[in-house]
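# A structural walkthrough
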Amino acid sequence: MSRLQTIGFSLVFFVILTGGNCSRARVESMTHMNVGVAAARTGRYADAKEALERAIALDPTNDQAFFNLAIVHMEMSEFEVAEEHLSRAITVNPEPAGYHEKLGTVRMQLEQWDRAKEAFEGAIAADPNLFKAYYKLAQCLERLDDPHGALVNYTESARRGPRFIEAYVALGRLYADQGFPDLAIRVLRSGLDVAIPRTDEQAQLYHVLGTIQQEQGNLAAAVESFRAALDILPAMSDALFSIGWTYAQMDNREEAVRYLELYVAGAGQNAPEHYVRAARSKLDQLQL
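Residues numbered from 1 in each chain as written. Predicted model: local features only at pLDDT ≥ 70, side-chain atom pairs only at ≥ 80, totals over all residues. Heavy atoms only, no water.

Scanning the protein from N- to C-terminus turns up 16 helices and 0 strands. Dimensions of the protein, computed from the C-alpha atoms along their principal axes, are close to 80 × 35 × 30 Å. The buried share of the protein, taken over its 288 residues, is 47%. In the protein, of all internal contacts separated by at least 6 residues, the share reaching a separation of at least 24 is 48%. Of the accessible surface of the protein, which amounts to about 14,900 Å², a share of 50% is contributed by carbon and sulfur atoms. Taking the 28 positively charged and 38 negatively charged side chains of the protein as two groups, their mean positions are separated by 3 Å. (Helix = DSSP H or I, 4+ residues; strand = E, 2+ residues; numbered from the N terminus. Buried < 20%, exposed > 50% of the residue type's maximum accessible area, 1.4 Å probe, protein only. Contact = heavy atoms within 4.5 Å. Areas by Shrake-Rupley, 256 points an atom, 1.4 Å probe, with all protein chains shown as cover. Lys, Arg positive; Asp, Glu negative; His and termini not counted. Charge placed at Lys NZ, Arg CZ, Asp CG, Glu CD.)

So, on to the pattern of salt bridges. All chains considered together, the criterion is met by 15 salt bridges. Across the pair R115 and E83 runs a salt bridge, and its minimum N-O distance is 3.1 Å. In this pair, R115 is assigned in helix α7 (residues 113–126) and E83 in helix α5 (residues 79–92), connecting sequence segments 32 residues apart. The exposure class assigned to E83 is buried, which follows from its relative accessible area of 12%. A salt bridge links D231 to R198, with the shortest nitrogen-to-oxygen separation between them at 2.8 Å. Residue D231 is found in helix α13 (residues 219–232), and its partner R198 is found in the loop between α11 (181–194) and α12 (200–215); the two are separated by 33 residues along the sequence. The network of salt bridges with shared partners includes E83, R107 and R115. (Salt bridge = Lys/Arg side-chain N within 4 Å of Asp/Glu carboxyl O.)

What follows is about α5. In this model α5 runs 20 Å from its N-terminal to its C-terminal C-alpha over 14 residues, within 8% of the 20 Å that 1.5 Å per residue would give. Residues of α5 that are buried include every one of F79, A82, E83, H85, L86, A89 and I90, and no others. Those residues of α5 that are buried are in contact with α4 (63–75), α6 (97–109) and α7. (Expected span 1.5 Å × (residues − 1).)

What follows deals with the packing of aromatic side chains. The geometry of an aromatic ring pair is captured by the separation of the ring centres together with the interplanar angle, meaning the angle of the planes. Here the structure, examined in full by the defined rule, presents 9 aromatic pairs. With centroids separated by 4.8 Å and ring planes inclined at 85°, the aromatic side chains of F241 and Y275 adopt a geometry described as edge-to-face. With F241 in helix α14 (residues 237–249) and Y275 in helix α16 (residues 273–286), this residue pair connects regions lying 34 residues apart in the sequence. Overall, the relative accessible area of 10% leaves F241 in the buried class. (Phe/Tyr/Trp six-rings, centres within 6.5 Å; stacked < 30°, edge-to-face > 60°.)

The next subject is the side chain of Q214. Relative to the helices and strands, Q214 is located in helix α12. Excluding residues that lie within four positions of it along the chain, Q214 makes contacts with L219, A222, S242, W245, T246 and Q249.

Okay, unusual backbone geometry next. Trans is the common state for peptide bonds, and a negative phi is the common state for residues other than glycine. Although it is not a glycine, S77 sits at a positive phi angle of roughly 60°. Despite not being glycine, R198 has its phi angle at roughly 60°, a positive value.

Let us now look at the packing of α6 against α7. At a minimum axis distance of 8 Å, the contact between α6 and α7 shows a crossing angle of 165°. What the angle tells us is that α6 and α7 run roughly antiparallel. Judged by the twist between their axes, the crossing of α6 over α7 is left-handed. For the pair formed by α6 and α7, the contact residues are A97, H100, E101, L103, G104, T105, R107 and M108 on the first element and W113, R115, A116, A119, F120, G122, A123 and A126 on the second. Considered class by class, the residues forming the contact of α6 with α7 number 9 nonpolar, 4 polar and 3 charged. (Axes fitted to C-alpha atoms, helices over the stretch in contact; angles between N-to-C directions. Parallel < 35°, antiparallel > 145°, perpendicular 65-115°, else oblique. Left-handed = near helix turned anticlockwise from the far one by under 90°. Nonpolar A, V, L, I, M, F, W, Y, C, P; charged D, E, K, R; others polar.)

Mean pLDDT for the protein: 92, with 92% of residues reaching 70 or above. In the model, residues 1–20 has pLDDT below 50 throughout and makes 30 contacts with residues more than four positions away in sequence or in other chains. (pLDDT = per-residue confidence, 0-100.)

A word on helix α15 (residues 253–266). The terminal C-alpha atoms of α15 lie 20 Å apart, and with 14 residues this matches the ideal 20 Å at 1.5 Å per residue to within 8%. Among the residues making up α15, those that are buried are E255, A256, V257, Y259, L260, Y263 and V264. Where α15 is buried, its residues touch α13, α14 and α16.

In this section: the nonpolar core. For soluble globular proteins, nonpolar side chains are generally found buried alongside one another. Within the largest apolar cluster, 37 residues are counted, with the highest numbers of intra-cluster contacts made by Y154, L205 and I212. For this core, the secondary-structure elements that each account for two or more residues are α7, α8 (131–143), α9 (147–160), α10 (165–177), α11 and α12. Ranked by residue count, the leading element in this core is α10, at 9 residues. The next biggest cluster of nonpolar side chains, apart from the first, holds 25 residues, and it includes A55, A65, V72 and F79. (Core = buried A, V, L, I, M, F, W, Y, C linked by side-chain atoms within 4.5 Å.)

Our focus in this paragraph is the environment of A55. Looking at where A55 falls in the secondary structure, it is placed in helix α3 (residues 45–58). For the pair formed by A55 and N252, sequence separation is 197 residues and the distance between their alpha carbons is 66 Å.

By secondary structure assignment, the location of A46 is in helix α3. By relative accessible area, A46 is classed as exposed at 57%. The sequence separation of A46 and G36 amounts to 10 residues, and the corresponding C-alpha distance is 9.3 Å.

Below you can see the structure in the form of structure tokens.
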């Protein structure tokens, strides 16, 4: 379900709840808002903005119109304008946690980490079960050089959203970065226990687990984890590089060459240049 489709469902619910408000301005505002959301769903963003701006002009207390207009600007990567409209939606109605969460998301795009942190804290205050807000708050805290706070909030994100695998991945990585590999492995295995089998998320968990095992020097276990990731996603570039590099560390030249060649052959424009260079350099060494 797309972001705008989700907005559409909340829109219908809002209209039903406010059915008792019969002012002509409100009714006309809601009508234009519906038109704007419908236009946005089909990618007609200019029409959507025009209708939503008309909705706001008719009823400046229509917080949903401000919110929906902000989402349209987010879809167009116009984050500064989106931030303005989300702030106005919150001024009109500060209660919906989703308004604060989206405001924080926009501020992350603008790299306003302190202000994003404040917005996510507002979202959590409005809805303590909003597990993605804890996750994004933790991301901000990492940027603000507060790893302890990030660990606490990644943990809370996983606790409140036990199938939200991104929280396990981030928490495991951060524990490893902070010098606690055993805790990192425990977290990642907990994620594997709840992950849907044979999904991209499960493959990502296996890859991060293998990376930590490799760093610990447990190369055989690392290879097993990388193989599990590749069994799910045979073209997973990170896992191809990692398993090839690990085989090189184990002095298994044949397998190292095989996987590093697969990595280089599949590396697209988005592949990190330094990884591609490292793979090619290692291949040159192995094939001497």
